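# Results of the structural survey
Chain residues, written in single-letter form:
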Amino acid sequence: MSNKTLIIGAGGVGNVVAFKCAMNADTFGEITLASRTKSKCDAIAENVKAKTGVTINTAQVDADSVEELVTLIRETEADIVINVALPYQDLTIMDACAACQVDYLDTANYEHPDEAKFEYKEQWARDQLFREQHIMGLLGSGFDPGVTNVFVAYAQKHYFDEIHTIDILDCNAGDHGYPFATNFNPEINLREVSAKGRYWENGEWIETEPMEIKQVWDYPEVGPKDSYLLYHEEMESLVKNIPHLKRIRFFMTFGESYLTHMKVLENVGMLGIEPVEHQGQKIIPIEFLKTLLPDPASLGPRTKGKTNIGVFVKGIKNGEPKTVYIYQVSDHEKCYEEVMSQAVSYTTGVPAMIGAKLMLEKRWYEEGVHNMEEFDPDPFMEELNIQGLPWKVMELDADATLEVKEN
Ligand code: NDP
């Protein structure tokens, strides 16, 4: 019997997921793309048809409404829901999946619209409900979180008896030619990078000021880049699931121009998430800013350069200290050529499709709510090579570092 797949969200990532599911139509069967604005789904469906020959259905849905979601899931008879709307919709979509007994997957953890804070607590709290309904929820199946968790699981399985430190490195060396734009949803992106930093060491979380810790890392195939310590959600589950861990940090690259723009916008209050009164109307500054900034989906045809995202891991194998860097390099222009999206959307959408494929094929399947590193990494790693995200492993001297020490 053929599968039925429902994708929710028609932004940059939704576009890639729609293309990639269509390119794997044997697994995904009848595909429906639904979002708040149906015209965006129709435009994607038209491009998918033109490039792959596969027809996908489209629908309108308000994913903040469990009732609307339940109606849509029942109408489409979906076997799986791939949530690539915004993190604000995670809980409503999970609840609708539970009500319909349908499997669920997302790429970003729940965030409350009124509080710039994200954590797994409320999604993990649905584990029991998912078990009772005999369904699976796979959380964070993008690149980071997502592939980074799988890279750590792969390092654990093949290279280490004990992992002691992990540095997750996210480098985007792409240039879109705008003075300022974000590569994915501006609201989510700016909330993430303007928040306080946090890392985990010897059993406790250590908080830093936003952008307080800067290091220069030398990214293979890209070169040295300024990288800033941020809090990132995969650390929360990895701390729980990787034994012997002593420290985990996350670094992301930012250029001077991006940081200067962000600082100015923050100083004038444009990153605020509280409503302000403007000429008799209430507006939320960061939402208004989103209206002004280029749509991330429009960056695709203009972005040149590469991304390098990986995990730099140290630990012990057979009593000897060891270091590996497992990473993936994508080229913005090549991604656009294939699916009409730049590499940030591509590197998120492809792993979302792979996670869903492994679930539908029951190669990754366990009732309840799960994070990526809980599963055997090998099938996922094989699919990455097949589906457009080939990766590499650098085995380094025990005391090696990719960090460039500044004088
Ligand atoms: P976009 O803003 O481009 O797209 C979001 C889509 O969701 C839009 O089509 C939007 O509709 C739709 N949407 C928003 N609210 C609703 C709603 N209430 N009901 C129905 N549809 C809604 O975001 P991206 O495509 O860049 O990102 C998608 C997701 O991927 C986000 O959750 C993001 O955090 C995550 N992500 C994960 C990464 C990872 O590596 N794990 C990296 C990058 C992103 P409309 O068009 O009408 O606004």
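Described below are features of the structure shown in this document. Note that the structure is a prediction, hence the values are computed from the model and not measured.

### A closer look at the site of the ligand
Looking at the ligand, there are 28 residues lining it, with Arg 36, Thr 37, Lys 40, Ala 63 and Asn 185 nearest. Interatomic distance of 3.0 Å between a backbone N/O atom of Ala 10 and an oxygen atom of the ligand. Measuring from a nitrogen atom of the ligand, one finds a backbone N or O atom of Pro 145 at 3.2 Å. Here the ligand, which alone exposes 930 Å², has 93% of that area covered by the protein. A class-by-class count of the residues in the shell around the ligand yields 13 nonpolar, 10 polar and five charged.

### What to know about the pairing of strand S9 (residues 204-208)
In this sheet, S9 lies alongside strand S8 (residues 197-201) in antiparallel orientation, the contact comprising five bridges. Paired with Tyr 199 across the bridge in S9 is Ile 206. Following S8, the chain reverses through two residues before pairing antiparallel with S9; Asn 202 in that reversal takes a positive phi of roughly 45°.

### Here we look at helix H3 (residues 38-52)
In this model H3 runs 21 Å from its N-terminal to its C-terminal C-alpha over 15 residues, within 8% of the 21 Å that 1.5 Å per residue would give. What H3 keeps buried is the set Cys 41, Ile 44, Ala 45 and Val 48. Projected down its long axis, H3 shows its buried positions confined to an angular sector of 105°, all on one face. Away from the buried face of H3 by more than 90 degrees, exposed residues Ser 39, Glu 46 and Ala 50 are located. At its buried positions, H3 is contacted by helix H1 (12-23), strand S2 (30-35) and strand S3 (57-60). Positive phi appears at Gly 53, one or two residues downstream of H3, with a value of about 85°.

Cut-offs applied
- Residues numbered from 1 in each chain as written.
- Predicted model: local features only at pLDDT ≥ 70, side-chain atom pairs only at ≥ 80, totals over all residues.
- Heavy atoms only, no water.
- Near = heavy atom within 4 Å.
- Polar contact = N/O pair within 3.5 Å; in protein donor to acceptor, adjacent residues only side chain to side chain.
- Areas by Shrake-Rupley, 256 points an atom, 1.4 Å probe, with all protein chains shown as cover.
- Nonpolar A, V, L, I, M, F, W, Y, C, P; charged D, E, K, R; others polar.
- Pairing = 2+ DSSP bridges.
- Helix = DSSP H or I, 4+ residues; strand = E, 2+ residues; numbered from the N terminus.
- Expected span 1.5 Å × (residues − 1).
- Buried < 20%, exposed > 50% of the residue type's maximum accessible area, 1.4 Å probe, protein only.
- Arc of directions from axis to C-beta.
- Contact = heavy atoms within 4.5 Å.

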